[in-house]
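For reference, the chains in residue letters:
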Amino acid sequence: MASRSKLLTEKQKQTRSLLIGLVFLLLFGAVFAVAYQFREPTGNDTYRDMAELLKKEPTASYELTVQDRKSPVLIITPHGGRIEPFTSAIGSGIAGDTFSYFEFKGLLDLGAYRQLHVSSVNYNPPDLIPLNRAAELSLSIHGISGNEKVTYIGGRDEAGIQVVRAALEKAGFLVDTAPLNYTGTDPKNFVNRNSNGMGIQLELTLAQRRALFTKRDESRPNKLYEAYVGAIRSALTELELKTKSSQ
């Protein structure tokens, strides 16, 4: 009788512990939901994340391109079109017809950056997430201000960074380590949310982007553009082969 009473007591303890755990889980979920709902956008962003942007922004303001080529390499242009000028042509050129490609292109004539820019740590468009999870090599193309022709390189894929940097430098382009706030090393940065948890982030100054096009016309890529895009494609192909040989 005593053993039965003891058994019931143990079951009661387990049930109580389970109930307490569920209560804490529900409270945590409620707090998280409230915090998410009322959190502020990052920096000067208008929207808290891409999910909110896609829900609230008129579809005439932007254009999405998603090309799943079943490649282990994914090129991402998160702020294309008029958000960060010239990045669309650079990103699509690197992807070519072989690498998978995701692009969000801003179409607003005025205020595209202010209205449509979403920081990388909050960049979560539904079409990108599964594409990125399937990728082994992710590279993102961004624009940064600057009058010097330079590409700042960052991210968590240190081996990939070395190969891409070496290829660009060999082609005659100036490459430097990304400055603070542009390092691309945050695990929440979308470029680091692929199958390996690490990616490569390129920040091209406005001067460098302009130099790749004749008369600053994005529809007129020049020989420097071909050299720039070709160098990165060559580096990514090398990395892709190394990835396949190690499997």
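Overview of the structure. (Residues numbered from 1 in each chain as written. Predicted model: local features only at pLDDT ≥ 70, side-chain atom pairs only at ≥ 80, totals over all residues. Heavy atoms only, no water.)

## Here's the deal with the overall build of the protein
Within the protein, the secondary structure is distributed over 8 helices and 7 strands. Out of the 247 residues belonging to the protein, those deemed buried represent 44%. In the protein, the proportion of contacts linking residues at least 24 apart, taken out of those at least 6 apart, comes to 79%. Summed over its atoms, the accessible surface of the protein is roughly 13,700 Å², and 56% of this surface lies on carbon and sulfur atoms. (Helix = DSSP H or I, 4+ residues; strand = E, 2+ residues; numbered from the N terminus. Buried < 20%, exposed > 50% of the residue type's maximum accessible area, 1.4 Å probe, protein only. Contact = heavy atoms within 4.5 Å. Areas by Shrake-Rupley, 256 points an atom, 1.4 Å probe, with all protein chains shown as cover.)

## Side note on the pattern of salt bridges
Should their charged atoms come close, side chains of opposite charge can pair. What the rule picks out here adds up to 7 salt bridges. A salt bridge links K56 to E52, with the nearest nitrogen and oxygen atoms 2.8 Å apart. Highlighted residues: K56 and E52, both in helix 2 (residues 50-56), separated by 4 residues, approximately one helical turn. The residue E238 makes a salt bridge to K242 at a minimum N-O spacing of 3.3 Å. Note that E238 and K242 are positioned in helix 8 (residues 223-245) at a spacing of 4 residues, about one turn of the helix. By sharing partners, the salt bridges in this structure join R48, E52 and K56 into a single network. (Salt bridge = Lys/Arg side-chain N within 4 Å of Asp/Glu carboxyl O.)

## Section: unusual backbone geometry
Across the chain, the bulk of peptide bonds are trans and the bulk of non-glycine residues have phi less than zero. Residues other than glycine seldom take positive phi values, yet K70 does so here, at roughly 55°. Tracing the chain through its elements places K70 in the loop between strand 1 (62-67) and strand 2 (73-81). Judged by its relative accessible area of 70%, K70 is exposed. Here the phi dihedral of N181 falls at roughly 80°; this positive angle occurs in a residue that is not glycine. By the element assignment, N181 lies in the loop between strand 6 (175-177) and strand 7 (200-205).

## Quick look at the sheet that holds strand 4 (residues 137-144)
An order of 1-3-2-4-7-5-6 is seen for the 7 strands of this open sheet, with the pairing classed as mixed. Every interior strand has two partners, whereas the edge strands, strand 1 and strand 6, have only one. Strand-to-strand, the axes of this sheet are offset by a mean angle of 20°, without reference to chain direction. With 5 bridges joining them, strand 5 (residues 151-155) and strand 7 adopt antiparallel strand pairing. By the bridge assignment for strand 7, G154 is matched with Q201. Packing of helix 3 (residues 87-95) onto the sheet brings it into contact with strand 2, strand 3 (100-106), strand 4 and strand 7, and relative to strand 2 it is tilted by some 165°. Helix 6 (residues 158-170) rests against strand 4, strand 5, strand 6 and strand 7 of the sheet, and its axis sits at about 165° to strand 5. (Pairing = 2+ DSSP bridges. Axes fitted to C-alpha atoms, helices over the stretch in contact; angles between N-to-C directions.)

## Topic: the environment of L202
Relative to the helices and strands, L202 is located in strand 7. Residues L202 and I144, spaced 58 residues apart in sequence, show a C-alpha to C-alpha distance of 9.6 Å. Once residues lying within four places of it in the same chain are set aside, the contact partners of L202 are L139, S140, I141, H142, T151, Y152, I153, V164, Y228 and I232.

## Regarding the pairing of strand 4
Of all 8 residues that make up strand 4, 8 are buried, and the element is covered over most of its length. In this sheet, strand 4 lies alongside strand 2 in parallel orientation, the contact comprising 4 bridges. Bridge pairing in strand 4 places V73 opposite L137. In the sheet, strand 4 pairs with strand 7 via 6 bridges, with the strands oriented parallel. Along strand 7, the bridge assignment pairs I141 with L202.

## Looking at the side chain of H142
Following the sequence through the fold, H142 ends up in strand 4. A relative accessible area of 2% means that H142 is categorised as buried. Separated by 3.2 Å, the side chains of H142 and S140 make a polar contact. (Polar contact = N/O pair within 3.5 Å; in protein donor to acceptor, adjacent residues only side chain to side chain.)

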